[in-house]
Every structure is written in C-alpha cells, then in structure tokens.
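Listed below, chain by chain, are the residues.
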Amino acid sequence: MFLDKVKITIKAGNGGKGVVSFYRSKMTMNGGPDGGDGGSGGNIIFRASNNQNTLYGFKFNHRFVAENGHDGSGTNKTGANGKDVIIDVPCGTVISEAETGKVIADMREEGDMFTALKGGLGGRGNAFFANATRQAPRFSQTGEVVKEHEVILELKTIADVGLVGYPNVGKSTLLSVISNARPKIANYQFTTLVPNLGVVQYYDNSFVVADIPGLIEGASDGVGLGHEFLKHIERVRLILHLVDIAETDGRNAVDDYNKINEELKKYSEKLSTLPQIVVLTKTDLLPEEDLKEKIKVFEKSITKNSSQKPLILSISSITQKGLENLKNVVWSHLEKIPKSAPIEVEVTDFDKRDKTSINIVRRDDASFEVTGGYVDNLIRGIVLSDFNSFSYFQMRLKRDGVIEKLKDMGMKDGDLVRIKDIEFVYED
Ligand SMILES: Nc1nc2c(ncn2[C@@H]2O[C@H](COP(=O)(O)OP(=O)(O)OP(=O)(O)O)[C@@H](O)[C@H]2O)c(=O)[nH]1
Ligand SMILES: [Mg+2]
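Just so it is clear, the model here is predicted, and its values are computed rather than measured. (Residues numbered from 1 in each chain as written. Chains lettered and ligands numbered in written order. Predicted model: local features only at pLDDT ≥ 70, side-chain atom pairs only at ≥ 80, totals over all residues. Heavy atoms only, no water.)

Quick look at the pairing of strand E2 (residues 44–49)
Reasoning step 1: Taken across its six residues, E2 has five buried, putting it largely inside the fold.
Reasoning step 2: Strand direction decides the pairing type here: E2 and strand E4 (residues 85–90), joined by six bridges, are parallel. Residue Phe46 lies in a different strand from E4, and its bridge partner there is Ile87.
Reasoning step 3: Judged from the four bridges that link them, E2 and strand E7 (residues 113–117) form a sheet pairing that is antiparallel. Each residue of the ladder has a partner; that of Ile44, found in E7, is Leu117. (Buried < 20%, exposed > 50% of the residue type's maximum accessible area, 1.4 Å probe, protein only. Helix = DSSP H or I, 4+ residues; strand = E, 2+ residues; numbered from the N terminus. Pairing = 2+ DSSP bridges.)

See below:
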C-alpha cells in the first residue's frame, strides 16, 4: 500500500527527577546531601532510509514518544537518560509543522539524521543546591516536562528522471526494460496507481527513474487520478514525456503532447520549465514508412508554435529499438543538470523551549497571576513546605526581576500573588 502524506504526533521524553538524599554510614549518622540529578529524556530523531518508499507504515502507528529520563538516586548517582526514538522515513520525506505547514526538515539522502525534539533536562538533586549557608537542602528539582508536537510527513520522491504521459503509452514498460523495477504492465488505462522507482545502470553510473500514474486532460481538476502524484516528480532533473506515436488508444499524438504539457503547467510553473525530452513510444507497431511520416508531422506540429525545438527520440520497449540511444542521451543531459536544491527549511527553532517569558495579569479578585516559561521552569525546584526551598524561590523572583515587574503593575504590601499552584501574600 502506498501513502504519501500523514500527520504524526511526536514527544521527547521528560527529564527525570533529581532526588533528596543524605549520605549515611555506620560512622556518619548525618552526612551531607548526596541526591543525584535526574537523567535527560530521550530525543525524537528522524532518519532517511531507502528501505521504504511509502509512508504507509505510519497509517496505524502515528504516535512516537521517547522514554523519560530516570530519576536520580543517593550517593550522587545521576539517573539514566531516556532512550531515543528513531523514526525511519523514506528518502524524500519533507517534515513540516502541522500547525503552520512550515517546513522543518527535508530528509533527502539515505542516512540523513534530524533531531526534531530534544529530551527534557533532568532535575537537579539536592546535592546541587548545597552551599555554605544551605548545607542540608531538603529539596530537589523535578525533570523538565516537554510538550508533544504534531508534524506532517510528506513524501516528495527524489528521482533523477520522471516519466510522464497519458495512461497506457508505455511508461511502466519502459521503466521495466531499462531499470531493475518490475512495475505492473497491462493494456488498459491507469494500470499504475502509485509511483514506481527504478534504478538504471549506466556503465559505472546509475540514475533513478520515477514512473507515475498517467495524466489526462483535466487532471488539474481531479480527472482520472488527478495531479496528486505530480509531487513525486517535482524534484526530478529531467522529464521524459512519453507519447504513443502509434496512437493505439485512438487519440492524436500531437494533442496528447500539448495536453500533458498544459497539465504540467497547471500543476506548477516549475514542472513546466523542467528540461524535457519527448519520447515517442510503440514504434514497432507502425510500418517503417508510416512511422517516418508520422514523426515528421509530429515534429512539425509541435514546433510550429514554439521557438524552442524539443528533443524528440523514438523507442520501442518491445523490440528494444532506440533504448541504448535513449540512455546515452539521458545520461549526457543529467551530467549537465545540477541536482535539485533541498526544500528550504522555514522553521529553524521548532523545538524552541520557552524559559524566559513572564506574563502577569491582574485577576478580578485583585490578585496577581504570573505565568509563562520562566515560572514553569522555576517551579520545578520548589517544595513549598520546605523553608529553604521557599526562600530560594523568593530569592529567584527577586533576582530575576519578577518582583520588580509585579510592583510596576501596582502590587503592594498584602497583595495576593499566584504562581501556578503557589499562592503567597507579598510583604515588603
Ligand atoms: N507494441 C508495443 N506495445 C507496448 C510498448 N510499450 C508498452 N506497450 C504496451 O502498452 C500497454 C501499456 O503499457 P504500460 O507500460 O502499462 O503503460 P503505462 O503508460 O505505464 O500505463 P498506465 O500505468 O496506465 O499509465 C501494455 O499492453 C504494453 O505491453 C511498445 O514499445 N510496443
Ligand atoms: Mg504504468
């Protein structure tokens, strides 16, 4: 089964908890603090792989959650880091942010790795909070909690050459005789329902050819299989435009040629300006003289209204006539055309963590509420019942300018302040 667009949910692991612990032995009844830090959460990593050419595997498996970091323990032991989750996607998969549609990464080449989400940081154990005046802290930090995200995976195949043309003109047959691919071939329209890729060996080199379902007039409006699969040739360097010169389906070869070009143009300007070679197929079905005449008429008609003369080759996949020449010409073109540039990444800070925002609002009951990334982060370390912990919290609010901001907003002695689950009355 083939699937080329899916939405998945990803979440890195949360950080593990730091712990409160004190060194104890037979000799020392009351040793110093030795609570270790929590481990980091696992990352979410994408990896491009040639082992698959569809996103079908994600149809029933669309939630990926990396392991949380383990909690720290006594004797200053740091918790183990959570295991990463590696998500294999076919080469050519473009990852974008579901909310905005903006591109985060383009997974082009086999083995490309992209860390989309980093695991949450582990919390500090109480050993970390010990200092000269606070020798026995009874508090530690919880791990950083990270958010889940939705991303869209879209497969935009990367091939060197794309085969386009009406259904039944012999695209799959050509692919089958020049490459290692064994696509389905039959004498009816729309045999090919999803793209096929094949590797063509050319002496010591090779190139990849993509065969897509046939196009028909009106494909841009969804007629036939529509334009849906053209995205799989958006990134080719060269288009082979196949036209059945024997006109086996009763259409006119020149009309076919013009209509397909119109459809390409309707899909995107870029597709219509890609280098194109016209390949006349099924030449074995016409007597030599008829063939010559038909090719002449075809050439004349298609160059009549255009200044550019497209290159026209003729082949028969059945008798193999013209195939060597086709490969030579394709290769000499490919050598001159640079590889397509990667899709531009639009979101570079996808996993940005907000640790600084401070928002203060005045509530109806005249209390002040502080929210934002700064407090979310600070709160991780606070144990209200612990005097030390609470004074640390107050010290940070003062040091980091939160108290100042509250005063600017009119906070006075005796006013109530809410920060997440913590409520306190401000005293000057
Ligand atoms: N005589 C002859 N028949 C051919 C040649 N190439 C393809 N055919 C026949 O044409 C029919 C269609 O071939 P396909 O390769 O399936 O055509 P396609 O363009 O992939 O068609 P869709 O997948 O439907 O778009 C089959 O019956 C092939 O055997 C050729 O060079 N000579
Ligand atoms: Mg086909």
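Quick look at the packing of helix H2 (residues 253–267) against helix H4 (residues 288–304)
Reasoning step 1: At a minimum axis separation of 9 Å, H2 and H4 run at an interaxial angle of 35 degrees. As for the relative orientation of H2 and H4, their crossing is right-handed in sense. Note on element contacts: H4 touches H2 through Phe298, Ser301 and Ile302, opposite Ala253, Val254 and Tyr257.
Reasoning step 2: Each residue belonging to the contact of H2 with H4 can be placed in one class, and the counts come to five nonpolar, one polar and no charged. (Axes fitted to C-alpha atoms, helices over the stretch in contact; angles between N-to-C directions. Left-handed = near helix turned anticlockwise from the far one by under 90°. Contact = heavy atoms within 4.5 Å. Nonpolar A, V, L, I, M, F, W, Y, C, P; charged D, E, K, R; others polar.)

With respect to the domain arrangement of the protein
Reasoning step 1: As assigned here, the protein comprises domain 1 (1–156), domain 2 (161–334) and domain 3 (359–425).
Reasoning step 2: Each of domain 1 and domain 2 has a C-alpha centre, and these two points are 48 Å apart.
Reasoning step 3: At the junction of the two partners, domain 1 supplies nine residues and domain 2 supplies seven residues.
Reasoning step 4: For the domain 1 and domain 2 pair, buried surface summed over both sides reaches about 780 Å², with 46% attributable to carbon and sulfur atoms.
Reasoning step 5: Counting across the interface, domain 1 meets domain 2 through four salt bridges.
Reasoning step 6: One salt bridge connects Lys156 with Glu234, and the closest N-O pair in it is separated by 3.0 Å.
Reasoning step 7: Here domain 1 and domain 2 share six residue pairs in polar contact (both at pLDDT 80 or more) between them. (Domains from an automatic or database assignment. Buried area = accessible area lost by both parts, 1.4 Å probe. Salt bridge = Lys/Arg side-chain N within 4 Å of Asp/Glu carboxyl O. Polar contact = N/O pair within 3.5 Å; in protein donor to acceptor, adjacent residues only side chain to side chain.)

Notes on the coordination of the magnesium ion (ligand 2)
Reasoning step 1: Protein-derived coordination of the magnesium ion (ligand 2) comes from Ser172 (OG) and Thr192 (OG1), at a distance range of 1.9 to 2.0 Å. Highlighted residues: Ser172 in helix H1 (residues 171–178) and Thr192 in the loop between H1 and strand E10 (196–202), separated in sequence by 20 residues. No difference in accessibility class separates Ser172 from Thr192, as the two residues are buried. (Donors = N, O, S within 2.8 Å, 3.2 Å for Na, K, Ca; no water.)

What about the side chain of Ser317?
Reasoning step 1: In this structure, Ser317 sits in the loop between strand E14 (311–314) and helix H5 (323–334).
Reasoning step 2: Beyond its immediate sequence surroundings of up to four residues, Ser317 is in contact with Thr173, Leu174, Val177 and Leu323.

As for unusual backbone geometry
Reasoning step 1: Its identity is not glycine, yet Glu247 carries a phi of approximately 50 degrees, on the positive side.
Reasoning step 2: Given a relative accessible area of 25%, Glu247 falls into the partly exposed group.
Reasoning step 3: Unusually for a residue other than glycine, Ala366 sits at a positive phi of about 75 degrees.
Reasoning step 4: Inspection of the secondary structure assignment puts Ala366 in the loop between strand E15 (359–362) and strand E16 (368–371).
Reasoning step 5: Given a relative accessible area of 36%, Ala366 falls into the partly exposed group.

Quick look at the packing of aromatic side chains
Reasoning step 1: Under the definition given, this model contains 14 aromatic pairs.
Reasoning step 2: For the pair Phe2 and Phe229, a centre-to-centre distance of 6.3 Å together with 50 degrees between the ring planes defines the contact as tilted. Separated by 227 residues along the polypeptide, Phe2 in the segment before strand E1 (5–11) and Phe229 in the loop between strand E11 (205–211) and strand E12 (238–244) bring together distant segments of the chain.
Reasoning step 3: Take Phe2: its relative accessible area is 18%, and that puts it in the buried class.
Reasoning step 4: Note on Tyr202 and Tyr203: the rings are 4.8 Å apart at their centroids and 85 degrees apart in plane angle, and the pair reads as edge-to-face.
Reasoning step 5: A relative accessible area of 65% places Tyr203 in the exposed class.
Reasoning step 6: The ring of Phe128 is capped by Arg124, whose NZ or CZ atom sits 4.1 Å from the centre of that ring. (Phe/Tyr/Trp six-rings, centres within 6.5 Å; stacked < 30°, edge-to-face > 60°. Lys NZ or Arg CZ within 6 Å of the ring centre and 35° of its normal.)

What to know about the pattern of salt bridges
Reasoning step 1: The tally for this structure, following the rule as stated, stands at 26 salt bridges.
Reasoning step 2: A salt bridge links Asp365 to Arg418, with the shortest nitrogen-to-oxygen separation between them at 3.3 Å. Taken together, the positions of Asp365 in the loop between E15 and E16 and Arg418 in strand E17 (residues 416–419) put the pair 53 residues apart, joining distant regions of the chain.
Reasoning step 3: Asp365 gets classed as partly exposed once you look at its relative accessible area, which sits at 46%.

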